[in-house]
Amino acid sequence: MGCLLLGAALLTGAAVRANDSEQVRLGGMLYKEHCAKCHGENGKSGPGYPHPMWGDGAQIRKFKHAQGLIEYNRLLMPFDNPGILTDEQILAVTAFVLANHGTLAQGQNLDAGNAAKVMIER
Ligand code: HEC
């Protein structure tokens, strides 16, 4: 069963992994609702932004750490309606992006206390 789930996650590219945190699960739902139409369900590219947002080729390293990415998302995303998400929702959707990028370990959460220490290293 574990292998099946992992296989499905690899096929779609976008992953809410079996033991991801509640925060990452919530972020996955928010991503689907507010981000996927431009960035693609799998984060590889979409009609509104034809570049990968996480994984190989993603540019999010330029934000240096989770805090930088949170601030960017809070100010600018969703691009067509920035400000629509609460701070808690921005944390969750950023956690989802970073979990898919491999920056957040399984079960790890983002919060105001650790965000500046979670480095985006690739
Ligand atoms: C209406 C389309 C649209 C929606 C919806 C949208 N984005 Fe974006 N996003 C863009 C565009 C366009 C850019 C590039 C902006 C620029 O270069 O100034 C971008 C850039 C980004 C980047 C920077 C990526 C990089 O490689 O530099 C991140 C991170 C991001 N978006 C996250 C999100 C998240 C999270 C959501 C949902 C909460 C979201 N976006 C919703 C259009 C969208």
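In every chain, residue numbers begin from 1 and rise along the written sequence. Selection of residues for local features in this predicted model requires a pLDDT of at least 70, selection of side-chain atom pairs for listing and counting requires 80 or more, and totals for whole chains, interfaces and linings are taken over all residues. The basis for every side-chain value is the complete set of heavy atoms in the structure, and neither hydrogens nor water enter the calculation.

### Some points on the packing of aromatic side chains
Centres within 6.5 Å are what make two rings of Phe, Tyr or Trp a pair, Trp counting through its six-membered ring; a difference in plane orientation under 30 degrees is then read as stacked, over 60 as edge-to-face, and the rest as tilted. One pass over the structure, following the stated rule, counts four aromatic pairs. Both rings, one in Tyr31 and one in Trp54, keep their centres 5.2 Å apart while their planes meet at 55 degrees; by these two values the pair is tilted. Remark: Trp54 occurs in the loop between helix H3 (36-39) and helix H4 (66-76) and Tyr31 occurs in helix H2 (residues 22-34); sequence separation between them is 23 residues. In terms of burial, Tyr31 and Trp54 fall into one category: buried. Among the aromatic side chains, those forming a connected cluster through ring pairs are Tyr31, Trp54 and Phe96. Runs of E in the DSSP output that reach at least two residues are strands. Runs of H or I that reach at least four are helices, and both are numbered from the N terminus. The cut-offs for exposure are 20% and 50% of the maximum accessible area for each residue type, with area from a 1.4 Å probe on protein chains only; residues under the lower value are buried, those over the upper are exposed, and the others partly exposed.

### Remarks on the pattern of salt bridges
When a carboxyl oxygen of Asp or Glu is within 4 Å of a side-chain nitrogen of Lys or Arg, the pair counts as a salt bridge. Counted by the stated rule, this structure contains three salt bridges. A salt bridge links Lys37 to Asp80, with the shortest nitrogen-to-oxygen separation between them at 2.8 Å. Residue Lys37 is found in helix H3, and its partner Asp80 is found in the loop between H4 and helix H5 (87-101); the two are separated by 43 residues along the sequence. For the pair formed by Lys37 and Asp80, the shared burial category is exposed.

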